[in-house]
Amino acid sequence: MLREKHKQKPCEADRIDALHRDGQARSSDEAAVTAVERRGLVTRATDNRPTAMQEEPLNVAKPFAIPKQLVWQAYLEVKSKGGAAGVDHQSLEDFERDLKNNLYRIWNRMSSGSYVPPPVKAVPIPKKSGGTRILGVPTVSDRIAQTVVKMLLEPILEPVFDENSFGYRPGKSAHDAIAVTRQRCWQYDWVVEFDIRGLFDNISHDMLMKALCHHCDCRWVLLYVERWLTAPLQQQDGSLTARDKGTPQGGVVSPILANLFLHYAFDAWVRREMPRVPFCRYADDGLLHCKSRRQAEYVMRAISARFRQCGLEIHPDKSCIVYCQDVHRREDYPQISFTFLGYTFRPRRCVNKQGKLHPNFLPAISRSAKKEINRQIRSWHIQLKNEKSLSDLSRMFNPILQGWHAYYGRFYPSALRQLWRNFNRYLVQWVRRKSKKLSQHWQRARRSLDHYARAHPHLFVHWKLGVFPCGLSDGSRMS
């Protein structure tokens, strides 16, 4: 059925230009790209590469019907996300200098079946836990080509994926996964936490292609996915490393391919083998909720064996069984907390409906996330920016503070107060260096900033929330 759909695409592609003539106006860049093949003129290339018109005669039929409009939309998506240059050192700005020919070249080669992905640039990225991970950076052209395939695959595979898979999916977010996990931790006493070691480096090509062929019979999609899977990695010294497994972490199609692989390796398997065990997965991090400790131990053994069967391995230091301790669950167990998506779930102080304090199992920003945020704030050296005004500092840093609040302030926002206090202290130091009259008076500088903050709370997100240098808006004091 899918093949029949794709056979109808040539008509759709041929009508793109006519639709634009009769429909809404398009940009000059888009018009140049989609209309390049019907002009009788040949534009001289800026380098020695063949131009779009020189690549192939216009009357040659293409074996694959790929609409030019799809390539244009893929380019717009890549442009909106930005990104670094690949092995060809061509940035997005360089690519746009000859946009018409570059986009036509991608479409022409993909439509003719002659597109061969270049090597993927290997970039080592330090891990928070120590060591490095290899990030694969495709070229700009290759990112556009991969986006073309991703835009076709997404509507095919999205209905297949499980509702409890949240990573790299449109319409789903980390907050959704955290909210589901919080609710289930109240319902189930035990949690099995797991992390897959080196997921993107160890995916079996044969298993992945078998799963992809089951859902997609579009020949050119299968052809190019197979070529991307085997594209070599170019190391920093220029050497090439062949790959017989894995998909580069950093590739555009890698997340959706990893989700497809884990759908059969884990999601569908759990549904089939343990239907009464709810789970939540975000990429290579996952949780399973159990009624008893015995069940949790069985589940941990079962998923470990399942991942080994699929060529994967659970990280021993990041996988464990956790007891969800609270006011009603007081069993003694050494592990009563876990971290998931930057939030640490553990017993926290909570006020019930009667106004009484009691411990409840709740998520809040993790210690490692707070440590990283404090490190970034220190690196800004706010106290040294004497030439800036508070409005300048707001324009420079408030968007970042808003981002932290938007993510980590969704659940248990009071855990962020210490971060806001630290930021306020740096602002007080800035005031003391800015004003000679206040340079020797910490409390006077603090009160002066507090007065200004209450008059202009829009400058920083935590001032809007009522976290001022001298105290909270409810009158309580802050150290």
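Now for a quick tour of the structure.

What counts as what
What you see as residue numbers is a count from 1 along each chain, following the sequence as written. Given that this is a predicted model, residues contribute local features only at a pLDDT of at least 70 and side-chain atom pairs are listed and counted only at 80 or more, while totals for whole chains, interfaces and linings are drawn from all residues. Excluded from the side-chain calculations are hydrogens and water; all other atoms, namely the structure's heavy atoms, are used. Per the convention used, a helix needs a DSSP run of H or I reaching at least four residues, while a strand needs a run of E reaching at least two, with both numbered from the N terminus. With a 1.4 Å probe rolled over the protein chains alone, any residue whose accessible area is under 20% of its type maximum counts as buried; one over 50% counts as exposed, and the rest are partly exposed. Contacts between residues were defined by any pair of non-hydrogen atoms, one from each residue, lying within 4.5 Å. Computed with the Shrake-Rupley method and a 1.4 Å probe, the accessible areas treat only the protein chains shown as cover for residues. In a helix, the anticipated span is given by 1.5 Å times the number of residues less one. What makes a salt bridge here is a side-chain nitrogen of Lys or Arg within 4 Å of a carboxyl oxygen of Asp or Glu, nothing more. Any two strands are treated as partners once DSSP identifies two or more bridges connecting them.

### Observations concerning the overall build of the protein
Then, in step 1: Helix and strand counts for the protein stand at 20 helices and 13 strands.
Then, in step 2: Looking at the 479 residues of the protein, the share that counts as buried comes to 49%.
Then, in step 3: Relative to all contacts within the protein whose residues are 6 or more apart in sequence, the contacts with residues 24 or more apart total 67%.
Then, in step 4: Of the roughly 24600 Å² of accessible surface on the protein, a fraction of 50% belongs to carbon and sulfur atoms.

### Examining helix H15 (residues 293-309)
Then, in step 1: End to end, H15 covers 25 Å across 17 residues, agreeing with the expected 24 Å (1.5 Å per residue, within 8%).
Then, in step 2: Looking only at H15, the buried set comprises Ala-296, Val-299, Met-300, Ala-302, Ile-303, Ser-304, Arg-306 and Phe-307.
Then, in step 3: Backbone geometry just downstream of H15 places Gly-311 in the positive-phi region, at approximately 80°.

### Details of the pattern of salt bridges
Where side chains of opposite charge bring their charged atoms close, a pairing between them can arise.
Then, in step 1: A complete count under the given rule lists 16 salt bridges for this structure.
Then, in step 2: Arg-271 serves as the salt-bridge partner of Asp-162, at 2.8 Å between the closest nitrogen and oxygen. In this pair, Asp-162 is assigned in the loop between helix H9 (140-157) and helix H10 (174-187) and Arg-271 in helix H14 (residues 254-273), connecting sequence segments 109 residues apart.
Then, in step 3: Residue Asp-162 is classed as buried on the basis of its relative accessible area, which comes to 10%.

### Remarks on the sheet that holds strand S2 (residues 132-137)
Then, in step 1: One open sheet holds the four strands; their spatial order is S2-S1-S4-S5, and the pairing between them is mixed. A strand with exactly one partner marks an edge of an open sheet, and here the two such strands are S2 and strand S5 (240-241).
Then, in step 2: Alignment of strand S4 (residues 233-234) against S5, held across two bridges, turns out to be antiparallel. Bridged to Gln-234 within S5 is Leu-240.

### Examining unusual backbone geometry
Then, in step 1: Of note, the phi angle at Ala-283 is positive, near 60°, even though the residue is not glycine.
Then, in step 2: In this structure, His-381 takes a positive phi of about 50° despite not being glycine.
Then, in step 3: With respect to the helices and strands, His-381 occurs in the loop between helix H16 (367-380) and helix H17 (390-408).
Then, in step 4: The partly exposed category is assigned to His-381, whose relative accessible area is 40%.

### Notes on the side chain of His-358
Then, in step 1: Relative to the assigned elements, His-358 resides in strand S11 (residues 357-365).
Then, in step 2: Ignoring anything within four residues of it in the chain, the contact list for His-358 reads Val-327, Arg-348, Arg-349, Cys-350, Val-351 and Asn-352.

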